[in-house]
Every structure is written in C-alpha cells, then in structure tokens.
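Remarks on the overall topology
The primary structure of each chain is shown beneath.
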Amino acid sequence: MVSSFAHRQLNGMNDPPNVHVRPLRRSDIPLITAYWNTASDADLLAMGIDLDDIAVLAELPERLHAQLAKAPPERDVEVLVALLEGRAMGHCYVNAIRYGLDACLHLHVWSPGARRRGLGTRMVAAALPHFFETLALQYLICEPASANPAPNRALEKLGFELEKCYETIPAGWNFVLEVNRWVFTRAQLELRYPPGVP
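Notes on the structure in this doc start here.

Rules behind the numbers
- Residues numbered from 1 in each chain as written.
- Predicted model: local features only at pLDDT ≥ 70, side-chain atom pairs only at ≥ 80, totals over all residues.
- Heavy atoms only, no water.
- Helix = DSSP H or I, 4+ residues; strand = E, 2+ residues; numbered from the N terminus.
- Buried < 20%, exposed > 50% of the residue type's maximum accessible area, 1.4 Å probe, protein only.
- Contact = heavy atoms within 4.5 Å.
- Arc of directions from axis to C-beta.
- Disulfide = S-S within 2.5 Å.
- Salt bridge = Lys/Arg side-chain N within 4 Å of Asp/Glu carboxyl O.
- Core = buried A, V, L, I, M, F, W, Y, C linked by side-chain atoms within 4.5 Å.
- Pairing = 2+ DSSP bridges.
- Phe/Tyr/Trp six-rings, centres within 6.5 Å; stacked < 30°, edge-to-face > 60°.
- Lys NZ or Arg CZ within 6 Å of the ring centre and 35° of its normal.

What follows deals with the overall build of the protein. The helix and strand tally for the protein stands at six helices and eight strands. The secondary structure elements of the protein, listed N-terminal to C-terminal, are β-β-α-α-α-β-β-β-α-β-α-β-β-α. A buried classification covers 47% of the 198 residues belonging to the protein. If you take every contact in the protein between residues at least 6 apart in sequence, the share linking residues at least 24 apart comes to 59%.

Ile29, Ile32, Thr33, Tyr35 and Trp36 are the residues of helix α1 (residues 29-38) that are buried. Projected down its long axis, α1 carries its buried residues within an arc of 155°, all on one side. Those residues of α1 that are exposed and aimed more than 90 degrees away from the buried face are Pro30, Asn37 and Thr38. Those residues of α1 hidden inside the fold are in contact with α2 (41-46), α3 (60-68), β3 (78-84), β4 (87-98) and β5 (102-109).

Under the defined criterion, the tally for this structure stands at zero disulfides. You can see cysteine 92 has no disulfide; the closest cysteine sulfur is in cysteine 142, sitting 10.0 Å from it. No disulfide involves cysteine 142; its sulfur sits 6.2 Å from the nearest other cysteine sulfur, which is in cysteine 104. Note on cysteine 142: relative accessible area 3%, which makes it buried.

What follows concerns the pattern of salt bridges. The full count for this structure, using the stated rule, is six salt bridges. As a salt-bridge pair, arginine 75 and glutamate 78 come within 2.7 Å of each other at their nearest N and O atoms. Given a relative accessible area of 3%, glutamate 78 falls into the buried group. Put simply, Glu143, Glu163 and Arg181 are held in one network by salt bridges that share partners.

A word on the nonpolar core. Ranked by internal contacts, the top residues of the largest apolar core, which has 33 residues, are Val94, Leu105, Leu128, Phe131, Leu140 and Phe160. If you list the elements that add at least two residues to this core, you get β2 (19-23), β3, β4, β5, α4 (119-135), β6 (139-142), α5 (149-158) and β8 (177-185). The element contributing the most residues to this core is α4, with ten residues. Not counting the four nearest positions on each side in its chain, leucine 128 is found in contact with Leu140, Phe160, Phe184, Leu189 and Tyr193. The next biggest cluster of nonpolar side chains, apart from the first, holds 18 residues, and it includes Ala39, Ile49, Val79 and Tyr93.

Once that is clear, we can look at the pairing of β4. Where β3 and β4 come together, seven bridges link them in antiparallel fashion. Bridge assignment links valine 79 to a residue of β4, and that residue is tyrosine 93. Remark: two residues form the turn of the hairpin made by β3 and β4, two consecutive strands paired antiparallel; glutamate 85 in that turn has positive phi of roughly 50°. Where β4 and β5 come together, seven bridges link them in antiparallel fashion. Its bridge partner being in β5, arginine 98 is matched across the sheet by aspartate 102.

What follows covers the packing of aromatic side chains. Where two aromatic rings form a pair, the distance of their centres and the angle of their planes describe that pair. The full count for this structure, using the stated rule, is three aromatic pairs. Aromatic pair tyrosine 35 and tryptophan 36: ring centres 5.0 Å apart, planes at 65°, arrangement edge-to-face. For tryptophan 36, a relative accessible area of 6% gives the class buried. Centre to centre, the rings of phenylalanine 160 and phenylalanine 184 are 4.9 Å apart; their planes meet at 35°, and the pair counts as tilted. Placement of phenylalanine 160 in the loop between α5 and β7 (161-168) and of phenylalanine 184 in strand β8 is noted, with a sequence separation of 24 residues between them. Phenylalanine 184 shares its class with phenylalanine 160; the two are buried. A connected cluster of aromatic rings, assembled from ring pairs, spans Phe132, Phe160 and Phe184. In this structure, lysine 164 packs its charged tip against the face of tyrosine 166, placed 4.4 Å from the ring centre.

If you want it as structure tokens, here you go:
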C-alpha cells in the first residue's frame, strides 16, 4: 500500500511535491545501508551518534531482513520508504514499539541536496496514518537533538507538541545529548486526517 501526501494534505501546506510512502521492501535495504555508510561525520554528530559506536551498522541489513519476516504486531521496527516522483529519497521508521499504545519516530532524507526543502516534513505527514493504523497507536514520540534544527522545525510544522527538553542517551549508539521530546496523538491525527477523507 502506498500512502500519498498529495491526497492527504496537512492544513496550511499547499501544492506539495508528489511524496509517497510505502512499506520497506528487501530491495530498499541496500539503499538504507548506503545512507548510513556514506553519512558524513558532521551529519552523524548532528544526530547525536557516537562515532566510536557505529560498528552496529554492520548488523543493520540482517536486522531489517528479520523485521520483514514478522507481522507488524511482532516487529521491533516498522519502516517506511519515501518516494519523490517515484524515486526513493528517504525513510522514516518507528521503534520502541508498544503495540496499541506508542512508538518512537525517526526520519531521514538520504541526499544532502534534498534536505531543507520540506521533504522530511511531507514524508512524515504521509507516514503518520500508516503508523497509527498499522500499530494501533495512541500517540507517537520523537526526540531529535535540540541542536538539530531541521527535524525540530518539521515536527512543529506537523503539529507535534513539545513536551520537554532534557538530556538522555536516546539509543545504544548515541552519546548523552540534549533532546526535545515531541508528541503527536491519535486525536491530533483525526483532526488533520478526518475520517472519510481519502
């Protein structure tokens, strides 16, 4: 199933590029792996990633293949690939999934030339209905580094609410960093994507 932001617009965002999302395929895994393997040190540090702990990337293809073999309620990660005019340009995913309750959102635009054009915002906008519906979520959490402006701007524009700013280690390959905790609820989703609107 492909979800199109072109048909499910957020309030106040007109004439969007033709951004779609679809579930991860096996053929996407090398693209995601290449994104991480070619990311600059500056980009990795902006995401709070400890450069001494990135050996975990070697396990990524195997982990993604394993997730594809599971039904959504059993998955540790739910991944969507974003398409711009039919070409893969990024991915977003949720982890720390508590099926029927919540999950933690992450977003990545692969090409540096495609960033700062609002595509990450549109990718997440297209992905929100899938994550809520597939995982029966009540709310989504996203915790980007507070010093990384792009994802924070995207989340604010999408209607996420800033809950707090605090220091944490978001994942095993992160160092301690200050993050903003943004929350988006099912009620907010239903306001922005009214039932019956295609």
